[in-house]
Amino acid sequence: MPRIFSGVQPTGNLHLGNYLGAIRNWVRLQRDYECLYCVVDLHAITVEQDPAELTKATREVAASLLAAGIDPARSIVFNQTQVAGHAELAWLLNCIARVGWLNRMTQFKEKAGKNRVNASVGLYVYPVLMAADILLYKATHVPVGEDQKQHLELCRDIAQAFNSQFGVDFFPLTEPLILGEATRVMSLRDGAKKMSKSDVSDYSRINLTDPPDTIAQKIRKAKTDPNPLPDTVAELERRPEADNLVTIYAALADRDRQSVLAEYAGAQFSTFKERLTEVAVATLSPITAEMRRLLADPVYVDGVLRHGTARARSLAEPVLREAQKIVGLLRT
Ligand code: AMP
Ligand code: TRP
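On a predicted model such as this, the values are computed, not experimentally measured, just so you know. (Residues numbered from 1 in each chain as written. Chains lettered and ligands numbered in written order. Predicted model: local features only at pLDDT ≥ 70, side-chain atom pairs only at ≥ 80, totals over all residues. Heavy atoms only, no water.)

Caption draft 1: Quick peek at the environment of Ala-242. Tracing the backbone through its elements, the reader meets Ala-242 in helix α10 (residues 240–253). Sequence separation of Ala-242 and Leu-129 is 113 residues, and the distance between their C-alpha atoms is 37 Å. Those residues in contact with Ala-242 that lie beyond four places of it in its chain are Asp-225, Leu-236 and Phe-269. (Helix = DSSP H or I, 4+ residues; strand = E, 2+ residues; numbered from the N terminus. Contact = heavy atoms within 4.5 Å.)

Caption draft 2: Representation of the packing of helix α7 (residues 121–135) against helix α8 (residues 149–166) in the model. Packing of α7 against α8 brings their axes to within 9 Å, and their N-to-C directions diverge by 70 degrees. Compared by their axis directions, α7 and α8 come out roughly perpendicular. Note that α7 runs across α8; the crossing there is right-handed. Two secondary-structure elements touch here, α7 through Tyr-126, Pro-127, Val-128, Met-130, Ala-131, Ile-134 and Leu-135 and α8 through His-151, Leu-152, Leu-154, Cys-155, Ile-158 and Ala-159. Residue classes in the contact of α7 with α8 are distributed as 12 nonpolar, 1 polar and no charged. (Axes fitted to C-alpha atoms, helices over the stretch in contact; angles between N-to-C directions. Parallel < 35°, antiparallel > 145°, perpendicular 65-115°, else oblique. Left-handed = near helix turned anticlockwise from the far one by under 90°. Nonpolar A, V, L, I, M, F, W, Y, C, P; charged D, E, K, R; others polar.)

Caption draft 3: The arrangement of the site of ligand 2 in detail. Close to ligand 2 lie 13 residues, the nearest being Gln-9, Tyr-126, Met-130, Asp-133 and Gln-148. The contact in question runs from a nitrogen atom of ligand 2 to an N or O atom on the side chain of Tyr-126, over 2.7 Å. Between ligand 2 and the protein, one listed contact pairs a nitrogen atom with a side-chain N or O atom of Asp-133 at 2.6 Å. Protein coverage of the free-state accessible area of ligand 2, which is 370 Å², stands at 91%. Those elements that provide at least two residues to the shell around ligand 2 are β1 (3–8) and α7. In terms of residue count, α7 provides more of the shell around ligand 2 than any other element does, 4 residues in total. (Near = heavy atom within 4 Å. Polar contact = N/O pair within 3.5 Å; in protein donor to acceptor, adjacent residues only side chain to side chain. Areas by Shrake-Rupley, 256 points an atom, 1.4 Å probe, with all protein chains shown as cover.)

Listed below in C-alpha cells is the structure:
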C-alpha cells in the first residue's frame, strides 16, 4: 500500500519555493494516496526559536497547508510533538545511523557554518529524526523539494541498515518524489541562492501572505540580466536569474520552460515580469485570502490538528511497538 509522508518546519511564513517545490504536489497527491502532512516543530528547534513565535508559526503553517488545498477530511495534518513516537523511533535510529553518514550531510554544513562545534547536537542528528518521521508510518513516498534529496537517501540507508542488522524486512525503502518544473526555486535577489524563509531580505522571496501589490513590487525588483529572453532552455544555462523567473512562470502556469520561451523569446524582462506577476497573483491570492479566513478561526485549525494527531497516533503506535520488539526492548 503506497503511503505519502512529508513535513514542513514552522519557522516563519511559507514562500513560493515551499509552495511550488512541495506543497502544491502534496495537494495533488492526496487525490490518489493516503497522505500524512506534518508540521515538524521538533525540527524547528534544532536552531534557536522564540517560544511564543514557534507556537504561533505552528498554527499558521497548518493554516497555510489547509489554505493551499490540503483536505483534512482526506489527509492527516498534525504537528510532530503531539505524536511521541517520532522522538522515540528517532532514538532507535540514532543507534543505527553512523557518524560517518551524518558527516556527509551538506545541509548540516551549510546551516552550522564555520562555527560547527557550536551547532546543536539536534541539528547534527536532524536527518535521523526526519527518517524516523517517515519510517514511523512506513511511508513509501516522500514529496519534497530538491534540497531534501540527500536526507531521503540517508533515510533509505538507515532503513536498510535496520533491516539487515536485525534480519527483517520491516522498514520500506522510501522513494523521494521531486516533482514539477520548480524543484529548487532561487532567491529573487541572487540566482545562486535558494529562496528561503531565513534570508534577511524579504525581497528575496514571495510569501504566501504577500498581497498583490507586494508581489508585483518584488517581481519588478527581481534581479535579471540586460538581455531579452532567449529561444531555448539551453541558453538559460549561464543566466541563473532569468532561468529562475522562467522556471517560476512555467511552474505557476503548469507548463514547461521551453513552451514559456516559445511564447516570450525576444521579450524584455519588463514585459515578462508583468505577465509573471499576473500568474503569481492569480495563483496565490485565493490561498492568501483563505489563510486570512482560517487564521481568524484558530479553534477550527487547532481542531484539525487534534483530529490529525489522533489518526497519526493510531498509525504510529503499532509500528513503534513492532520496532521496539525487533530491537529487543519489548517482550513479543
Ligand atoms: P522547509 O521550509 O525547509 O521546512 O521546507 C518545506 C518543503 O519545501 C521541503 O519539501 C523543501 O524541500 C521545500 N522547499 C523549501 N525551499 C524550497 C525552494 N527554494 N525551492 C523548492 N522547494 C523548496
Ligand atoms: N527537513 C525537511 C525540510 O526542512 C522537513 C521534514 C522533516 C521532512 N521531516 C520530514 C520532509 C519528513 C519530508 C519527510 O524541508
